[in-house]
Amino acid sequence: MPVTITSISQTRPVDVDVLIIGAGISGIGAASHLKARRPATSFAVLEARDAIGGTWSLFRYPGIRSDSDMPTFGFGFKPWTHRKSIADGHLIVDYLRETVSEHGLTGHIRLGHRVLGAEFSSSTGRWIVTAQQAGSRKKTRFTARFLFLGTGYYDYEAGFTPEFTGVEDFEGRVVHPQHWPQDLDYTGKRAVVIGSGATAITLIPSMAGTAGHVTMLQRSPSYVLSAPAEDAITNALNRVLGHKRAHRIVRRKNIMVTRGIYTACRRAPKLMRRLLIANVRRQLPRHFDVDTHFTPRYDPWDQRLCVVPDGDLFKAISTGRASVVTDRIERFTKAGILLESGQELSADIIVTATGLTMSPFGKIQLSVDGQKVNPPDTTAYKAMMLSGVPNFAFALGYTNLSWTLKVDLVCEHFCRLLDHMDSHGYGTVEPVLNDLGMERAPFMELSAGYVHRGIAKFPRAGANGPWTVEMAYEKDVERLREGPVEDSALKFTAVEPAPPAPRSGGAQ
């Protein structure tokens, strides 16, 4: 059943042990781990939008689905039970709603609370967070011992659209997938989808069944990998062993397969390039120009591989319902798009699947003792905390594996950190980078356009020790799940004793 969560105004500041920002997959994961591992810990979850689900309730474009297998994209503590391994967006939202209900999180979530700023006070050892309630000018204050950000890495309010010459001349409709209008009817119409990434490759086969024709217009091709929407091995194990017992086996299998493909791409890029492109050739007509339209200029996994369930993109192309054009845009015209080659693509609808706008920490301004925190000046500690920022944690998932695998590990380590602090009487913890000359690198290194445009705004990664950002699950298991919490790079401070309560009445 759907989970109904209401936003309740508070007449005075709410104080909790942990304040979680974001009710998407990361925030719900953090809340679930706290509820299960530390039932006495008080927490609240603030969500700017009017619904839980993050990406999966925000994006409404046709065919939205996971680009990772759901047994690993789902939480480690809750088996994915649907037959589809590559799942539609609404199924993921249902899964998150079930998680909220099963873990009793409904009363902890406050919707319509957009966080404006968060300041840590060393004198009190607490965060003061200001949020504005949706639909009003009223601001609510929260105080918390720890701040946990599950806000993802892109701007929920604005996708990326390049400046196209003549766009105002186009007489049709231009839409960005991040802001898909619910009233958009493309039945029988000519659609051009600009882009070659995961969003474009998802949209095209979904639109092709209804539209008159869909053209994917790309400046350069991406690697596309066909995978079954339903994993026969997974479904067989679920039938024989039951979902709970099969869950761990399936996750290990899928992690090994995905990591194996990634490792092979990095170690033998020429071989994997041939195999990936050969896989595309097998699924398209013989006359199709694979060299032009599906042969990238970069090595596999310099950018994410685009997964197409059951080869649906190739089927749409093979039947003639969709086509691919590889060219550059000269300008928009009244009737469509003029290309640099001189060809003009006629269109009734143009979809700009041109990427995301990266934004660190939900655009929340962090401050410590009155000093604003500039994320690029900080260095990530274990890819989950920031140098110089006390009692703070965040979750950013993998780029080469299921996002949630990293979220689960971060949340486990976060709970272990709280346990360690409580057992030693610590009130605050702060990562301290003593080696100020340490070489630093971008937090994530992909050649994708959205990363190049936005990664400079993010914290940096260090060159060694706990300051590295590992996109390797097995290394993070060793560091976050099995490794010690105590670390020379962490500065712990004991809880200051509370001042004695004032006496009432006169002298005794």
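Definitions and cut-offs
- Residues numbered from 1 in each chain as written.
- Predicted model: local features only at pLDDT ≥ 70, side-chain atom pairs only at ≥ 80, totals over all residues.
- Heavy atoms only, no water.
- Helix = DSSP H or I, 4+ residues; strand = E, 2+ residues; numbered from the N terminus.
- Rg over C-alpha atoms; globule rule 2.2 N^0.38 Å.
- Buried < 20%, exposed > 50% of the residue type's maximum accessible area, 1.4 Å probe, protein only.
- Contact = heavy atoms within 4.5 Å.
- Areas by Shrake-Rupley, 256 points an atom, 1.4 Å probe, with all protein chains shown as cover.
- Pairing = 2+ DSSP bridges.
- Axes fitted to C-alpha atoms, helices over the stretch in contact; angles between N-to-C directions.
- Phe/Tyr/Trp six-rings, centres within 6.5 Å; stacked < 30°, edge-to-face > 60°.
- Lys NZ or Arg CZ within 6 Å of the ring centre and 35° of its normal.
- Salt bridge = Lys/Arg side-chain N within 4 Å of Asp/Glu carboxyl O.
- Polar contact = N/O pair within 3.5 Å; in protein donor to acceptor, adjacent residues only side chain to side chain.

Q: What is the right way to look at the overall build of the protein chain in this model?
A: Scanning the protein chain for helices and strands turns up 13 helices and 25 strands. Relative to the 2.2 N^0.38 estimate, which gives 23 Å for 508 residues, the radius of gyration of the protein chain is 25 Å and therefore close to what a compact globule would have. Structurally, the protein chain occupies a C-alpha span of about 100 × 50 × 50 Å along its principal axes. The proportion of buried residues among the 508 residues of the protein chain is 54%. Contacts in the protein chain between residues far apart in sequence, at least 24 positions, make up 71% of those at least 6 positions apart. As displayed, the protein chain has an accessible area near 23100 Å², and 51% of this comes from carbon and sulfur atoms.

Q: I keep staring at the sheet that holds strand β15 (residues 344-346) and nothing clicks. Help me out?
A: The strands that make up a sheet are held in pairs by hydrogen bonds between backbone atoms, and each pair lies either parallel or antiparallel. Judged by pairing direction, the sheet is antiparallel, and its three strands sit side by side in the order β13-β14-β15 without closing on themselves. Strands at the two margins of the open sheet, each flanked by one partner only, are β13 (329-332) and β15. Across the sheet, the mean angle separating the axes of adjacent strands is 25 degrees when strand polarity is ignored. Where β13 meets strand β14 (residues 336-339), three bridges bridge the pair, whose relative direction is antiparallel.

Q: Could you clarify how one ought to interpret the environment of Ala40 in this entry?
A: Within the secondary structure layout, Ala40 lies in the loop between α1 (25-37) and β2 (43-46). Separated by 311 residues in the primary sequence, Ala40 and Val351 have C-alpha atoms spaced 49 Å apart.

Q: Is there a simple way to explain the pairing of strand β17 (residues 365-368) in this structure?
A: Within a regular strand, the side chains alternate between the two sheet faces. Note that strand β4 (residues 113-121) and β17 share four bridges and pair parallel. Bridge assignment links Phe120 to a residue of β17, and that residue is Val368. Note that β17 and strand β18 (residues 371-372) share two bridges and pair antiparallel. Across the sheet, the residue bridging to Ser367 is Lys372, located in β18. Where β17 hands over to β18, the hairpin turn is made up of two residues, of which Asp369 adopts a positive phi near 50 degrees.

Q: Explain the pairing of strand β16 (residues 349-352) here, please?
A: Both faces of β16 are covered, namely the face carrying Ile349 and Val351 and the face carrying Ile350 and Thr352. Direction of pairing for strand β7 (residues 173-175) relative to β16: parallel, over a ladder of three bridges. Looking across to β16, one finds that Arg173 is bridged to Ile349. Taken together, the four bridges between strand β8 (residues 190-194) and β16 define a ladder with parallel strand orientation. Considered in β16, the bridge of Val192 is made with Ile350.

Q: Would you explain the packing of aromatic side chains in this entry?
A: By the definition in use, this model includes 26 aromatic pairs. On the numbers, 5.9 Å between centres and 25 degrees between planes, the contact of Phe75 with Tyr95 is stacked. Here Tyr95 lies in helix α4 (residues 89-102) and Phe75 lies in the loop between α3 (70-73) and α4, a separation of 20 residues in the sequence. Across the pair, Tyr95 and Phe75 agree in class, each one buried. Geometrically, the ring pair formed by Phe392 and Phe394 is tilted, given 6.2 Å between the ring centres and 40 degrees between the ring planes. Of the two residues, Phe392 and Phe394, both sit in the buried class. A connected cluster of aromatic rings, assembled from ring pairs, spans Phe59, Tyr61, Tyr153, Tyr154, Tyr156, Trp403 and Tyr450. For Arg453, the ring lying beneath its charged end belongs to Phe160, and the centroid distance is 3.5 Å.

Q: Would you take a moment to explain the pattern of salt bridges for this structure?
A: Pairing is possible between side chains of opposite charge, provided their charged atoms come close. The final tally for this structure, using the stated rule, is 27 salt bridges. Salt-bridge contacts for Asp94 lead to Arg97; the nearest nitrogen and oxygen are separated by 3.8 Å. Placement of both Asp94 and Arg97 in helix α4 is noted, with a separation of three residues, approximately one turn of the helix. Classification of Arg97 by relative accessible area gives partly exposed; the value is 30%. In this structure, a network of salt bridges that share partners links the residues Arg38, Arg145, Asp419 and Asp422.

Q: Help me out: how do you make sense of the sheet that holds strand β12 (residues 322-326) in this one?
A: Judged by pairing direction, the sheet is parallel, and its five strands sit side by side in the order β7-β16-β8-β9-β12 without closing on themselves. Across the chains shown, the open sheet's two edge strands, defined by having one partner strand only, are β7 and β12. The sheet shows a mean angle of 20 degrees between the axes of neighbouring strands, taken without regard to direction.

Q: How should the side chain of Arg251 be read in this particular structure?
A: Looking at where Arg251 falls in the secondary structure, it is placed in helix α7 (residues 243-267). The exposure class of Arg251 is buried, given its relative accessible area of 10%. Separated by 3.0 Å, the side chain of Arg251 and the backbone oxygen of Pro71 make a polar contact. Arg251 has contacts with Pro71, Thr72, Gly74, Phe75, Gly76, Leu405 and Asp408, leaving out every residue within four places of it along the chain.

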